[in-house]
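If you want the building blocks of each chain, they are given just below.
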Amino acid sequence: MAGVSLSVTVLGCSGTYAGPDEACSGYLLRSDTTTVVVDLGAGTLANLQRHVELGDVDAVVLSHEHPDHWLDLPILRNALRYVLDVEGLTVHGPAGVLAAARELIGEVEPTFVLSPIAAGDALTVGDIALGFSRTDHPVETLAVRAESGGRSVIYSADTGPGWDPSGFGDGVDLFVCEATFRPDEEGGVHLSARQAAGLARRLGAGRLVITHVSPLLEDEGQRLAAAEAYGGTVELARSGLTFMA
Ligand SMILES: [Zn+2]
Ligand SMILES: [Zn+2]
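Computed from a prediction, not measured in an experiment: that's the story for all the values here.

Conventions we followed
- Residues numbered from 1 in each chain as written.
- Chains lettered and ligands numbered in written order.
- Predicted model: local features only at pLDDT ≥ 70, side-chain atom pairs only at ≥ 80, totals over all residues.
- Heavy atoms only, no water.
- Phe/Tyr/Trp six-rings, centres within 6.5 Å; stacked < 30°, edge-to-face > 60°.
- Helix = DSSP H or I, 4+ residues; strand = E, 2+ residues; numbered from the N terminus.
- Buried < 20%, exposed > 50% of the residue type's maximum accessible area, 1.4 Å probe, protein only.
- Donors = N, O, S within 2.8 Å, 3.2 Å for Na, K, Ca; no water.
- Tetrahedral: all angles 85-135°; square planar, octahedral: opposite > 155°, others 65-115°.
- Contact = heavy atoms within 4.5 Å.
- Salt bridge = Lys/Arg side-chain N within 4 Å of Asp/Glu carboxyl O.
- Pairing = 2+ DSSP bridges.
- Axes fitted to C-alpha atoms, helices over the stretch in contact; angles between N-to-C directions.

**Quick look at the packing of aromatic side chains**
Then comes step 1: Summed over the entire model, instances satisfying the criterion amount to 2 aromatic pairs.
Then comes step 2: Each ring, one from tyrosine 27 and one from tyrosine 155, has its centre 4.8 Å from the other, and the planes form 50 degrees; the classification is tilted. Highlighted residues: tyrosine 27 in strand E2 (residues 26-30) and tyrosine 155 in strand E10 (residues 151-155), separated in sequence by 128 residues.
Then comes step 3: Overall, tyrosine 155 belongs to the buried group, its relative accessible area being 6%.

**Considering the coordination of the zinc ion (ligand 1)**
Then comes step 1: Surrounding the zinc ion (ligand 1) are the protein donor atoms Asp68 (OD), His69 (NE2), Asp158 (OD) and His212 (NE2), at 2.1 to 2.3 Å.
Then comes step 2: Around the zinc ion (ligand 1), the 4 donor atoms are arranged such that angles at the metal cover 87 to 159 degrees; this shape is classified as irregular.
Then comes step 3: Sequence positions of the donors to the zinc ion (ligand 1) reduce to the motif D-H-x88-D-x53-H.
Then comes step 4: The two metals, the zinc ion (ligand 1) and the zinc ion (ligand 2), are separated by 3.7 Å and share aspartate 158 as a common coordinating residue. A residue pair is termed long-range when its members are at least 10 positions apart, and histidine 69 in the loop between strand E4 (59-61) and helix H2 (73-84) and aspartate 158 in the loop between E10 and strand E11 (174-178) qualify at 89 residues.

**Things to note about helix H4 (residues 193-203)**
Then comes step 1: Buried residues of H4: Ala193, Gln195, Ala196, Ala197, Leu199, Ala200 and Leu203, and no others.
Then comes step 2: In this fold, the buried residues of H4 make contact with E10, E11, strand E12 (208-211) and helix H5 (219-230).
Then comes step 3: Once H4 finishes, glycine 204 follows within two positions and takes phi at roughly 65 degrees, a positive value.

**Points about the side chain of serine 148**
Then comes step 1: Position of serine 148 relative to the elements: it lies in strand E9 (residues 142-148).
Then comes step 2: When its relative accessible area of 5% is taken as the criterion, serine 148 is described as buried.
Then comes step 3: Excluding anything up to four places from it in sequence, serine 148 contacts Leu6, Ser31, Asp127 and Ile128.

**Observations concerning the pattern of salt bridges**
Then comes step 1: With the rule as written, the count across this model stands at 12 salt bridges.
Then comes step 2: Of the charged contacts, one joins arginine 182 and glutamate 185 as a salt bridge, the two residues approaching to 3.8 Å between their closest N and O atoms.
Then comes step 3: Since its relative accessible area comes to 37%, arginine 182 is described here as partly exposed.
Then comes step 4: Between arginine 238 and aspartate 219 there is a salt bridge, with the nearest N and O atoms lying 2.2 Å from each other. Here the residue arginine 238 occupies a position in the loop between strand E13 (234-236) and strand E14 (242-244), and aspartate 219 occupies one in helix H5, the gap between them amounting to 19 residues.
Then comes step 5: When salt bridges that share partners are traced, they join Glu22, Asp219 and Arg238 into one network.

**Describing the coordination of the zinc ion (ligand 2)**
Then comes step 1: Coordination of the zinc ion (ligand 2) by the protein is provided by His64 (NE2), His66 (ND1), His137 (NE2) and Asp158 (OD), with metal-donor distances spanning 2.2 to 2.3 Å.
Then comes step 2: Along the chain, the residues donating to the zinc ion (ligand 2) are arranged with the sequence spacing H-x1-H-x70-H-x20-D.
Then comes step 3: According to the relative accessible area criterion, histidine 66 is partly exposed, its value standing at 22%.
Then comes step 4: Classification of aspartate 158 by relative accessible area gives buried; the value is 2%.

**Here's the deal with H2**
Then comes step 1: What H2 keeps buried is the set Leu73, Pro74, Leu76, Arg77, Ala79 and Leu80.
Then comes step 2: Structurally, H2 contributes buried residues whose contacts are with strand E3 (35-40), helix H1 (44-48), E4, strand E5 (89-93), helix H3 (95-105) and strand E6 (112-116).
Then comes step 3: Immediately beyond the C-terminal end of H2, within one or two residues, lies aspartate 85, with a positive phi of roughly 55 degrees.

**Structural notes on the sheet that holds E10**
What holds strands together in a sheet is hydrogen bonding between their backbones, with the strands either parallel or antiparallel.
Then comes step 1: In spatial order, the strands read E7-E8-E9-E10-E11-E12-E13; together these 7 strands make up an open sheet with mixed pairing. Only two strands of the sheet have a single neighbouring strand rather than two, namely strand E7 (122-125) and E13. Within the sheet, the average angular offset between the axes of one strand and its neighbour, ignoring direction, is 20 degrees.
Then comes step 2: In this structure, E9 lies alongside E10, joined through 5 bridges in antiparallel fashion. Looking at E10, one finds that valine 144 is bridged to tyrosine 155.
Then comes step 3: Contacting E10, E11 and E12, H4 runs over the sheet at an angle of about 155 degrees to E11.
Then comes step 4: Against the sheet, H5 touches E12 and E13, its axis set at about 160 degrees to E13.

Now the structure itself:
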C-alpha cells in the first residue's frame, strides 16, 4: 500500500450558513505529496491551518459562487500577499466564482492565478487527477472527482436531485454528498438524506459521508435517514474529521 493514500479532511460542513459550532463548506484533499483545498467557505481558513501551512497548499478548487463556499478566499489572499509572501497559487473554479472573487478582491494577481474550469474538464495537481460534473443548482456548480494512486473521491458540491453523475463513471471509494434538506423539502436546489443515499448507490460508492446539513436539522437524524436508504453505514462530516478514500 506504500504511496497510496487519498483523504478528505473536513474544514467546515455547515449547509448554507455557519452553525454555532461549524464553519461553512471547505475540504482538504490530500495524497502523499499533494494538497488541494476544495471550497473555502467562511470559517474554513482558520481550520485549514490546523492541518497544513498555508504556503504548502498546491491549488484551490471552488465549486461555485455561492458565498458559503468561497468567502475565505479574500482572507487567504491577505495572508499570502501581506504576511507570507506567497505568489502564484492557482484557484480553479467556474467563471462565476472567479468573476466574483476578482470583484471582491480587486488585485488578485500575483497572489492568485485564476483558472476557469467547466464540466468535463480534467486537470492534474501534483499526483491528484481532478474531473468535474455540472450539478443541479441555480448557478454553474461543479461536483469534483479526485483520483490518486488508484483511490477515488467524489464531492457533490451543492446539488438538487436532477444531477446526472454518470460522467464520473461507475464506482468510487468515497462519496462526500450534501444532504441539506428535510424529506418534505425534496425537489429544490439541494438533496435530502434519502436522495443523497440514492446517488451514492447509483455511483456505487464504497463509503458515504453526509455533509452540508442545514444548521436547523439534527445531523444524526440526517445520518440515520441516509443510512436507512443506503442500506449501509453512513458517516457524518464534521470539522477536523479525516476520511480515507
Ligand atoms: Zn452551499
Ligand atoms: Zn450553493
